[in-house]
Amino acid sequence: MTDTHPLPPVAPEVTAALVAALSPRLRRRLDAATAKLAARPASREGDTYRVAVDDETTLELHAPGGSVTAVDDIRCGCLLAPGCVHRPAAAGAAPVARPEPAADGGDAAPPDEPADEPPPSEAPATPRQRAAAAELWAAGAAALEAGVDGAGAVTQAELLAAAHAARLAGLPRPAAAAVSVVGRLRAARAADPAYRLADLTEALRELLATSHGIATATGPRLAELRGTARRPYLPGGSLRLYGLFSEPVLAGSGHAGVVTWAADPDGRLFRVPDVAPGGAERAAAAVERTVRLGDAALTHRELSRAGLVVSGATVSPDGRLGAGTAVRAVQAGGAGWHEPPLDWLWAEPPHRQAERALAAAALPEDRRPPGAELLFLDLTCRRPLRAAGGDVLLADCAGLPIHLAAADEDPALAHRDNLRLLATAPGLRLRVVGRLVPGPEPRLRLLAAGRPPGEAGQVLRLAEPRTHVDLGYDRLQRTDLPEPAAAAAAPPGVAPAADETAHAPLHLLRRRTDRAVAAGRRALALPGTVGDDRARLRIAGLATGAGLIEELHRAAADRGRDVFGRLLPADADRFARAWLAAALYTESVAHALCAAAWAAPTADTGAVSA
C-alpha cells in the first residue's frame, strides 16, 4: 500500500461525462484541481487505486481489466461528491484508455459500442459520420484556437467526447487522432521530457485533415479517412525469425513498453510488442519482460539477438505477431547484422530506403508496410552539431551527410546519453538502424548500432554475446569505444548545425504552424514580419507558401464588429482551415525536399560540418 503507482487509464467517454456534469464555477477550477491531483501519489490494492486529496478525503478509481470504463468507477469521499471537482480532475490526470489487445493479439472492440457498418465502396459518409466528423473538427479547431496553455481539461474533455462519438459512428482513425492530441496536450502541460511540439502538430494535423475530408469523400478515399478499428490478424503459417533490435515505446496516450523487431529469411519485418498503460519506468524495464508468444521463454533483450521458430503464427498488416492460444514458438539461433539473412537489409542504397520510408509516411498508419520507416545504414561519425531541437551528431554515409538525433529525450531511457558518447568518437564506423525524419537535410533518429563488416577503421568494441546495442536500453561505456576516442581528454568541438536558410525557407511556414499550436491563434494575430517572410518564400519559388502564410495571419487577426462597434469573436473555423492548408503544404514540400536531399550526396562532407 505504500508503493506509488501511476493512475489507471480512463475511457474517453468517462472523462467527457464527468466534465460535462460540472457547473461553470467548478469548470473554472478544474485545471488547478487536475494539476494538484497529478502531483499526489497513488496507491493500489487489486483493481482499486487510491489518491489522498487531503488529510480527510480520498479518491478511489476502480479499474477492472486495467482501465476505468464507467463514471461510477471513480468515487470521492468529499462532501460535494458526486458533483465535486475531484472526480473529473482524477480522470484528467490519468492516461486516456485505448482498446486493449485481444487474446489473439488483435484489438478488442470496446464494450457496448456498435459502430456503423462501412458504407458501400461508392457511397458517401452517413449522416451520423458527417455529424461526428463535424464535432471532431470543431473540437480540434477549439484546441488550435486556445494553444497548449489554453487547452485545459475542459477543451480536452470536448475532444474526448468527440472522439467517443466518432468511434460509435465508425470513424476510428480521426477518433484515434483526437485521443492522441489529448495525450500530447497533457504531456506538454505537464512538462513531460518526452514531449515534442512536432508530435502535437502532427497529431492535430491528422485530426483536422481526416475530420475535414470525411464530409465530401467517397469510395476508397472515405475508407482511408475512416480507418480501421481492428487490426485483422491473418494466418501466417510457420515462420523462422531472426531478432534485429528492441526499442522502448513511450506513447503520449499513457502507454509504454517495448517492441522487438525481427526478420525472416525473405527479408520481411515483424514486431513483437509488449505495450500497456504506464510511463517511462515501464518503458525502461520492459526489455527484461518475457516475450508473450507461444512457449518462448526468453526476454525481449534476448530475442533481439536470438531467433524464433513459430508455428500457427498470426500476423497483422503492420507486422505484429499475434499471441493466440494456437501459436507455438520456441527459441532458435539468431544471426549477426553482418550475416545472412539480416545483412541484406543494409544492401539497399540509402536513397531507395528514404524513398520507401517517405512513401510509407504518406499512408495512414494502419496501411504502412511493417518497418517501412526504418533505415539500415553504414556510416562514419564526424562531430556533434549545435541544434535547437536537442543533441545532433553529424555522420557520413558514402558521401551523404546525415544528422543523427536521439529517438527519445526522456532521461529514463539511454538514447540521449548514448548519442552524446558516440559524438566523442570522430571516425567511429557504425552499422545502424534508424527512423527517418522528413526534412531539408537527411536526418535519422537512432535506434540501434553495431559493428560494420570488416575490421578496418574504428569500430565498437562489443564483447560477446553482444552483436549490437539497442540505444534505448544498452548504455554504452567509454570502454566500448575504440582506443583513440576512449583516451581523448575532451570531446571535439561542436559545430553549428546546417543553416536552414541554405535550403528552401520552409522553416518560415513551419515556425508559424508550430507557434499556433503552442500559443494559439492570438500569437499569430500580433504584428510581425509577414511581409519579409512572404517575399523570401516567393524568391525561393514557394509562391503557394507565401499565399498561405498571408492567409494564416489574416485569419488569425481579422475580427468583425457588431452593430454597437464591439469586437466579435474570431472565426475559429477560418483559422483552422488556414492552419490546416499551411500544415499540409509544409508537410508535402518537406517530403519533396527530403527525397531530393537523400538523392544528392555531396562530395565533401567535411565542408558540411564546418
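Residues numbered from 1 in each chain as written. Predicted model: local features only at pLDDT ≥ 70, side-chain atom pairs only at ≥ 80, totals over all residues. Heavy atoms only, no water.

Visitor: Please set out the packing of aromatic side chains residue by residue, giving values where relevant.
Guide: The tally for this structure, following the rule as stated, stands at three aromatic pairs. Seen in terms of ring centroids, tryptophan 346 and phenylalanine 376 are 5.2 Å apart; in terms of plane orientation they differ by 75 degrees. Their pairing is edge-to-face. Of this pair, tryptophan 346 sits in the loop between β9 (328-332) and α11 (350-361) while phenylalanine 376 sits in strand β10 (residues 374-386), and the two are 30 residues apart along the sequence. Here tryptophan 346 matches phenylalanine 376 in class, with each residue buried. Put simply, the rings of Trp337, Trp346 and Phe376 touch in pairs and so form one group of aromatic residues. (Phe/Tyr/Trp six-rings, centres within 6.5 Å; stacked < 30°, edge-to-face > 60°. Helix = DSSP H or I, 4+ residues; strand = E, 2+ residues; numbered from the N terminus. Buried < 20%, exposed > 50% of the residue type's maximum accessible area, 1.4 Å probe, protein only.)

Visitor: Could you give me a rundown of the pairing of strand β7 (residues 269-277), with the residues and numbers involved?
Guide: Pairing of strand β6 (residues 255-263) with β7 involves nine bridges; the strand directions are antiparallel. Its bridge partner being in β7, valine 258 is matched across the sheet by aspartate 274. From the end of β6 to the start of β7, which pair antiparallel, there are five residues, and glycine 267 there has a positive phi angle of about 90 degrees. (Pairing = 2+ DSSP bridges.)

Visitor: A description of the confidence of the model for the protein should follow, citing residues and the corresponding values.
Guide: Within the protein, residue pLDDT values average 86, and 88% of them lie at 70 or more. Ignoring residues within four places in sequence, the model shows residues 485-492, a span with pLDDT below 50, making ten contacts including any to other chains. Overall, residues 602-610 carries pLDDT values under 50, and its contacts beyond four positions in sequence, including any with other chains, amount to 13 contacts. (pLDDT = per-residue confidence, 0-100. Contact = heavy atoms within 4.5 Å.)

Visitor: Explain the sheet that holds strand β2 (residues 48-52) residue by residue, including any values.
Guide: Spatially, the four strands line up as an open sheet ordered β1-β2-β3-β4, and their pairing is antiparallel. Each edge of the sheet is formed by a strand with only one pairing partner; in this case those strands are β1 (42-45) and β4 (74-76). The average angle at which neighbouring strand axes cross in this sheet is 20 degrees, direction not considered. Bridge analysis of β2 against strand β3 (residues 58-62) gives five bridges, and the strand direction is antiparallel. The partner of alanine 52 across the bridge, within β3, is threonine 58. Across the face of the sheet, helix α3 (residues 86-93) comes into contact with β3 and β4 while running at roughly 135 degrees to β4. (Axes fitted to C-alpha atoms, helices over the stretch in contact; angles between N-to-C directions.)

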